[in-house]
Every structure is written in structure tokens, then in C-alpha cells.
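What the coordinates show
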Amino acid sequence: MTSFSNPEDQKLLTLASATLKRTGAAQAAALRDNTGRTYVAVNIATPSLTLDACDSVFTVATASGISGVESVVVVGQKPSKPGAVRDFSASATLFYCADNGEISTL
């Protein structure tokens, strides 16, 4: 198992993992903005709207008025792309944590 260089990212992993377990969703993500506030969300899959957890948590955070993103951690199914977070904040760190605990960047 790889560890995070920033201990605050471990907190995001804990939040995302708890959200995934609580909801039974396919994916969950936790985001920390540039002020230290955190947000969590799951993937959305309906006939009229599909968002992976990364885009979903970014939507929630953006609706709260964030001005930057420091980090995002995604668990569950691996997202196919980093999504809008990368467009909004090119310096944000984006991680995926697999079921086996292996951490990779998105």
C-alpha cells in the first residue's frame, strides 16, 4: 500500500471510503478546497444524468463557492478521466485508491 505525502489526503480517503460504504454507490469522492473545507459525493447514474464521483463532488464544491481545489480522492470504481476538477484547478492533486489499498494519481 502506498501512502499519501500529505496527511490531509488520508482524511479525504477516510471520508470517501465511509461515504462509499454508507451509500453502496459505485464510486465516492472527497475534495478539499484551497481553504481546507471538505466535500463528499457519489457517482450519479440516472437516465437523464450521469456523473462520476469526481465530477459530482466538484459540482457540490463549486455550488458552495470554492475558489480552488487542493486535492481529491476517489474510491470504488476507477473514474475514466479526472473530469472538470483538472480544468478548474490544474495544480490539484487527484488520487484513486483501489480496493487493495493501492493509490495512484489520476
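Only a predicted model underlies this, so the values are computations on that prediction, with no experimental measurement involved.

Taken in spatial order, the five strands make up an open sheet running β2-β1-β5-β6-β7, and their pairing is mixed. Two strands lie at the open edges of the sheet, namely β2 (38–42) and β7 (103–105), each paired on one side alone. Across this sheet, the average inter-strand angle for adjacent strands is 20°, counted without regard to direction. Across seven bridges, the pairing between strand β1 (residues 27–33) and strand β5 (residues 69–76) is antiparallel. Pairing of Q27 across the sheet is with G76, part of β5.

On the secondary structure map, A30 appears in strand β1. Measuring from C-alpha to C-alpha, the distance between A30 and D9 comes to 9.2 Å, with 21 residues separating the pair along the chain. What A30 contacts, discounting residues up to four positions off in sequence, is L12, L15, A16, Y39, V40, V57, S71, V72 and V73.

Scoring rules and cut-offs
Residues numbered from 1 in each chain as written. Predicted model: local features only at pLDDT ≥ 70, side-chain atom pairs only at ≥ 80, totals over all residues. Heavy atoms only, no water. Pairing = 2+ DSSP bridges. Helix = DSSP H or I, 4+ residues; strand = E, 2+ residues; numbered from the N terminus. Axes fitted to C-alpha atoms, helices over the stretch in contact; angles between N-to-C directions. Contact = heavy atoms within 4.5 Å.

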